Protein chains: 4
Amino acid sequence: MTNLRGVVPPVVTPLTENFEVDYPSYTKVLEHLIAGGVHGLFVLGSTSEVIFHDEATRRQILEHTVKVVNGRLPVLAGVIDPTTDRVIGHARAAQSIGVDAVVVTAPFYTRTSQPEVADHFRYVREAIDLPVIAYDIPVCVHTKLDRKTTVTLAREGTIAGLKDSSGDDGNFRFCLLDLMDKPDVFLMTGSEIVVDNALQMGAHGVVPGLANVDPHGYVRLWNHAQVGNWEAARKEQERLCRLFEMVWVSLPRTSAGSAGVGAFKTAMRALGVIATNTMARPQRSLNAEEAAQVEEIVRAAGLAS
Amino acid sequence: MTNLRGVVPPVVTPLTENFEVDYPSYTKVLEHLIAGGVHGLFVLGSTSEVIFHDEATRRQILEHTVKVVNGRLPVLAGVIDPTTDRVIGHARAAQSIGVDAVVVTAPFYTRTSQPEVADHFRYVREAIDLPVIAYDIPVCVHTKLDRKTTVTLAREGTIAGLKDSSGDDGNFRFCLLDLMDKPDVFLMTGSEIVVDNALQMGAHGVVPGLANVDPHGYVRLWNHAQVGNWEAARKEQERLCRLFEMVWVSLPRTSAGSAGVGAFKTAMRALGVIATNTMARPQRSLNAEEAAQVEEIVRAAGLAS
Amino acid sequence: MTNLRGVVPPVVTPLTENFEVDYPSYTKVLEHLIAGGVHGLFVLGSTSEVIFHDEATRRQILEHTVKVVNGRLPVLAGVIDPTTDRVIGHARAAQSIGVDAVVVTAPFYTRTSQPEVADHFRYVREAIDLPVIAYDIPVCVHTKLDRKTTVTLAREGTIAGLKDSSGDDGNFRFCLLDLMDKPDVFLMTGSEIVVDNALQMGAHGVVPGLANVDPHGYVRLWNHAQVGNWEAARKEQERLCRLFEMVWVSLPRTSAGSAGVGAFKTAMRALGVIATNTMARPQRSLNAEEAAQVEEIVRAAGLAS
Amino acid sequence: MTNLRGVVPPVVTPLTENFEVDYPSYTKVLEHLIAGGVHGLFVLGSTSEVIFHDEATRRQILEHTVKVVNGRLPVLAGVIDPTTDRVIGHARAAQSIGVDAVVVTAPFYTRTSQPEVADHFRYVREAIDLPVIAYDIPVCVHTKLDRKTTVTLAREGTIAGLKDSSGDDGNFRFCLLDLMDKPDVFLMTGSEIVVDNALQMGAHGVVPGLANVDPHGYVRLWNHAQVGNWEAARKEQERLCRLFEMVWVSLPRTSAGSAGVGAFKTAMRALGVIATNTMARPQRSLNAEEAAQVEEIVRAAGLAS
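Residues numbered from 1 in each chain as written. Chains lettered and ligands numbered in written order. Predicted model: local features only at pLDDT ≥ 70, side-chain atom pairs only at ≥ 80, totals over all residues. Heavy atoms only, no water.

- Labelled according to an unreviewed UniProt entry, chain A appears under the name Dihydrodipicolinate synthase/N-acetylneuraminate lyase, originating from Microvirga lotononidis.
- Under the heading Sequence similarities (unreviewed entry), UniProt records this for chain A: "Belongs to the DapA family." (UniProt positions renumbered as here; feature names shortened; annotations may be inferred.)

As structure tokens, then:
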């Protein structure tokens, strides 16, 4: 895990119409991604609707994942909840199940300072025997990880990597520069639409939710970048940007939270990967008209549908 | 519960130095508030550090509360977690333990629309057989309950009341006006420092964290308001405002989250109510120098210390 | 000017359909307010659309105001522009025309610190020979005046007063408490809907845009407060709250900026005070359908229409 | 002007210690930039402290610029003030002086909707006979130009280009994609630190404030990008990122506004281009200790100092 590189999708969690995890579909999602050539799997992230799942369900999802993946790829497990000791509880469960790393956000609901946020990561790291990856997602937790916080935690060995979903690409670049002499720390972008840029900056990995729909596309983009074919990377990225337009189809009828993952689920249903596009409560799922628009976008991007 | 009125403190949860609930101190907190003449108790709210406690601990706290209170006052239980079904889980536990109402925030971490927020309250209400009180606290959940959302939920019977900690007193007033013909809906302010104003507007109750330190003060303020002695209410409020200054003593060394409740705990320790001023991790507790400043403020406000 | 008290409306600037100041209507606005019993006039504030007027137009408006008012009431002049020396230019012009005080916001467009903001007020004060009133309006300038900044500037004699349009009533109360021993500093609220509360706290004046529509209402409210008749004050305030509902009529077709003043102008046109409801470019004026709704609200509030 | 391409620095305005424009230094700034090989000049932008200058000073700056530049490069003039008709006043003056295009922000201080913002640009365009460039700078005006607003204005011919200083690189990319068939519209980034990325996306120009300090660096970066040498572009960008660190040296003693341009001025003084590092009031200039740190950064980046 000290040298994770590549495309690491945040894995969608399909639901039945009764809001339970649809494990047959979930198995298909995992196989679809592995067949797509991705380099790792991030389960129980925001795209997985982790925040809607209680402890027992999270445990089942991880157990199922570890069993299906069976060592073929590294499995990163989100252990996302508002505060330190609750996160530690999730992290210990994830460790016992056999994941390869845990992914931790800043605390939320409570209002913390950057020193308290740094201590949060330290407490989690001390409590388990797995790499900790920091997840910078201010749109959900309403705290940005300062460059100094990230770099300090990386240098002292508290965190093994970063998933940056902050959209602050300038700050991400400074983290890359500051940690250039620490190649074992892997810094990943959570973007779907400026992945070529992040790779050109030197990012070590990408965690795009849209890879659930088109893993091959992001793997091609990654491969172009590895050989310095930036023009081809850009073309692939631009195709994926057009595919990404699906995330706005249901707005404003739904919400910023449900429109994106809801569109991914709708596209995956159209592609035959999962059975429903049901979103966890109280989110609204995309309706038939919106689904037709998503399907049109999927076809226009060259995906069989 | 359809006619709750008065001072309903959000009850502080004392911790041992090992970050466990200090039940002997907690019993003293409850007795201190009851002796102070308050009209109800709101446990497992933000001031109670609810978000730091896992399911098992929350259950223990509620069981202890219900046993100690023993029907002397209504007990409102916060069932605060990011999403609908997890909230329902807490709410069912609270109902089984015997609380009188549950207090529910908008979803957090996930980004929801106002219609999804309204559905969230409806799903919770349908799942239990207890009154639901909406808790509007955008500083924590980063969603404001729109006036229309609050009023619709109240009129349709989904919510029995509101705790407004948004600081938007104009919006609160419009909710009071819109629901003037529904006197069974109780609208409470979460403010500590404009309580006299909220009562003059017609608020039915007040939920001030500072009442943990000085319950008698808020009860006097309430009583002055009940007889229309607004000048005395103002004087009492102004004294409490000066007491409230404790919440800024440890800034910026601590955080917005830990400075306030941390000061309340420090003052309560000085008053002999609880044993430590320990805050849940990763929050910083007030240090000795800060404690001395808090104690000076407590003395200046006329409280024995 | 060291003892300003009472209702000080921010005066609407009527426009012709060609976006020029309609001086005959403007004279009627001034007389309407004076006849309404107000205690001062704040011209060239946000409600006056000051920010749309160039230097020459501002000068004409002030000259016209001073001529018409002719010493009957104190005239406060907004000298609102983004930066210090431009504000000083407006302030010197205002002084030469004969106003009684100038009203100054924090800098905007540029991003300043609180010490720079404090210096801004000091530079303006040093450049003129008139009282300076601080105008705290973060919704427009995107900087909040810290309690410490306001109190320091008041204690050192830089500012003679405050117009607080921040909506942070708790902070306003602490300013009142901190300056209780400085009765020559007058602290005014910019609220329309919690004026009774502000007066109960001890505010020395109120600056409600809605007083352009109903000056008598706010004067009655003020008078009730002066004799401690808080129940009557509340009833008057509640009537004015219902009148205030006009500000949302044209949303979202118009904007937060044009909906409020646009409604005031529409109501004043209905009351025969001004000739058009035209808003300065690029703002949208209320249309006929919206005007009909505003007029219905005006009638329901008991104003002849 | 329909085919502007390349590096277009926002030109710093040097001041004397008495806060007046230092024209001899200003001439040297212009020659320094032209000698640096830049492709155009953007005067009276945020970096020029435009917002601190009154109409007469702005006119003098433009006249001086046009005279010194004398047609060697296109001159873009910021016409930045809060509202439409005031912007038109500046724009007409700029046109009469002979600039090549005007640069216009969304309205500020007042709160406008996107349709009102679009109308704002249309009114300005109709009033003059020069290309209009939209300047998207939400950190100053607190309104973001929506993708739809930008694309609509570009397609209908209202705007000839965009300077995007919003930091939202994903949105910028979608604007590039949407306008791919309109190569006469030039889309420029205002970033200093992800310029290589913007160029890889297809941006037509870059407007980096830091180019005042090191124009050769940004021209080299531009040239590398033109021949697709992305690795060299990245290396140059990384060197410039290290140079950019100067903008944080004086924080938090100064402000977000004064720290950046203040550092540029300090570096330019060290390089012998300008005489003082004085910032317009009420901004604080960098002090001697901070200047020493800036100079160390300048030397470390390989600039003679």
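### Things to note about the interface of chain B and chain A
Consideration 1: On the chain A side, the residues contacting the 43 residues of chain B number 43 residues.
Consideration 2: The largest contributions to the chain B side of the interface with chain A come from Y109(B), R111(B) and R281(B), which together make up 25% of the buried area.
Consideration 3: Of the charged contacts in the structure, one is a salt bridge between R281(A) and D85(B), with a shortest N-O distance of 2.7 Å.
Consideration 4: Of all the secondary-structure elements, those providing two or more residues to the side of chain B that touches chain A are α2 (55-69), α3 (84-97), α4 (114-127), α5 (138-141) and α11 (256-270) of chain B.
Consideration 5: In terms of residue class, the side of chain B that touches chain A is made up of 17 nonpolar, 15 polar and 11 charged. (Contact = heavy atoms within 4.5 Å. Buried area = accessible area lost by both parts, 1.4 Å probe. Salt bridge = Lys/Arg side-chain N within 4 Å of Asp/Glu carboxyl O. Helix = DSSP H or I, 4+ residues; strand = E, 2+ residues; numbered from the N terminus. Nonpolar A, V, L, I, M, F, W, Y, C, P; charged D, E, K, R; others polar.)

### Details of the side chain of E192(D)
Residue and element names in this part refer to chain D.
Consideration 1: Tracing the backbone through its elements, the reader meets E192 in the loop between β7 (186-189) and α8 (195-201).
Consideration 2: One buried charge, E192, has no salt-bridge partner; the nearest side chain with opposite charge is K163, at 7.5 Å.
Consideration 3: Polar contacts involving the side chain of E192 include one to the main-chain amide nitrogen of G209, which spans 2.8 Å.
Consideration 4: Residue contacts for E192: discarding those within four places in its chain leaves P208, G209, L210, Y218, Q237, F244 and F264. (Buried < 20%, exposed > 50% of the residue type's maximum accessible area, 1.4 Å probe, protein only. Lys, Arg positive; Asp, Glu negative; His and termini not counted. Polar contact = N/O pair within 3.5 Å; in protein donor to acceptor, adjacent residues only side chain to side chain.)

### Structural notes on the UniProt feature "binding site: pyruvate" (unreviewed entry) in chain A
Residue and element names in this part refer to chain A.
Consideration 1: Those places that UniProt annotates as "binding site: pyruvate" (unreviewed entry) correspond, in this numbering, to T47 and V207. In summary, the annotated positions, though distributed over 161 residues, converge in three dimensions, the widest C-alpha pair being only 10.2 Å.
Consideration 2: Inspection of the secondary structure assignment puts T47 in the loop between β2 (41-43) and α2 (55-69).
Consideration 3: What makes T47 buried here is its relative accessible area of 11%.
Consideration 4: T47 has contacts with P10, V11, V12, G209, N212, V261 and F264, leaving out every residue within four places of it along the chain.
Consideration 5: Note on placement: V207 falls in the loop between β8 (205-206) and α9 (215-226).

### Examining the relation of the copies chain C and chain B
Consideration 1: Its rotation angle being 180°, the transformation that places chain C on chain B also includes 0.0 Å of axial translation and leaves an RMSD of 0.0 Å. In the structure described here, the two chain copies are related by an operation that fits a two-fold rotation axis. Taking C-alpha positions as reference, the residue of chain C nearest the rotation axis is N197(C), located at 2.6 Å.
Consideration 2: When the interface residues of chain C are mapped onto chain B, 100% of them again fall at the interface, so both copies present the same face. (Least-squares fit on C-alpha atoms with pLDDT ≥ 70 in both.)

### Structural notes on the relation of the copies chain B and chain A
Consideration 1: At an RMSD of 0.0 Å, chain B and chain A line up after a rotation of 180° and a shift of 0.0 Å along the axis.
Consideration 2: In this assembly, 100% of the residues forming the interface of chain B have copies in chain A that are likewise at the interface, indicating an isologous arrangement.

### Description of the interface of chain C and chain B
Consideration 1: Each partner contributes to the interface: chain C provides 25 residues, whereas chain B provides 25 residues.
Consideration 2: Contact with chain B buries area across many residues of chain C, yet R173(C), F174(C) and Q200(C) alone supply 28% of it, more than any other trio.
Consideration 3: Between the two partners, chain C and chain B, sit six salt bridges.
Consideration 4: A salt bridge links E245(B) to R147(C); the shortest N-O distance between them is 2.7 Å.
Consideration 5: In this assembly, chain C and chain B are joined by 17 residue pairs in polar contact (both at pLDDT 80 or more).
Consideration 6: Elements with a minimum of two residues in the side of chain C that touches chain B: α7 (169-178), α8 (195-201) and α10 (230-244) of chain C.
Consideration 7: The element best represented in the side of chain C that touches chain B is α10(C), accounting for seven residues.
Consideration 8: Among the residues forming the side of chain C that touches chain B, the class breakdown is 10 nonpolar, six polar and nine charged.

### Describing the pattern of salt bridges
Consideration 1: In the structure shown here, the tally under the stated rule is 84 salt bridges over all chains.
Consideration 2: Among the salt bridges present, the one from E236(B) reaches R239(B), with a minimum N-O distance of 2.6 Å. Taken together, the residues span about one helical turn, with E236(B) and R239(B) both in helix α10 (residues 230-244) at a distance of three residues.
Consideration 3: Relative accessible area serves as the criterion here: at 22%, R239(B) is assigned to the partly exposed category.
Consideration 4: Taken together, the shared-partner salt bridges connect R58(A), D81(A), R86(A), R58(B), D81(B) and R86(B) into one network.

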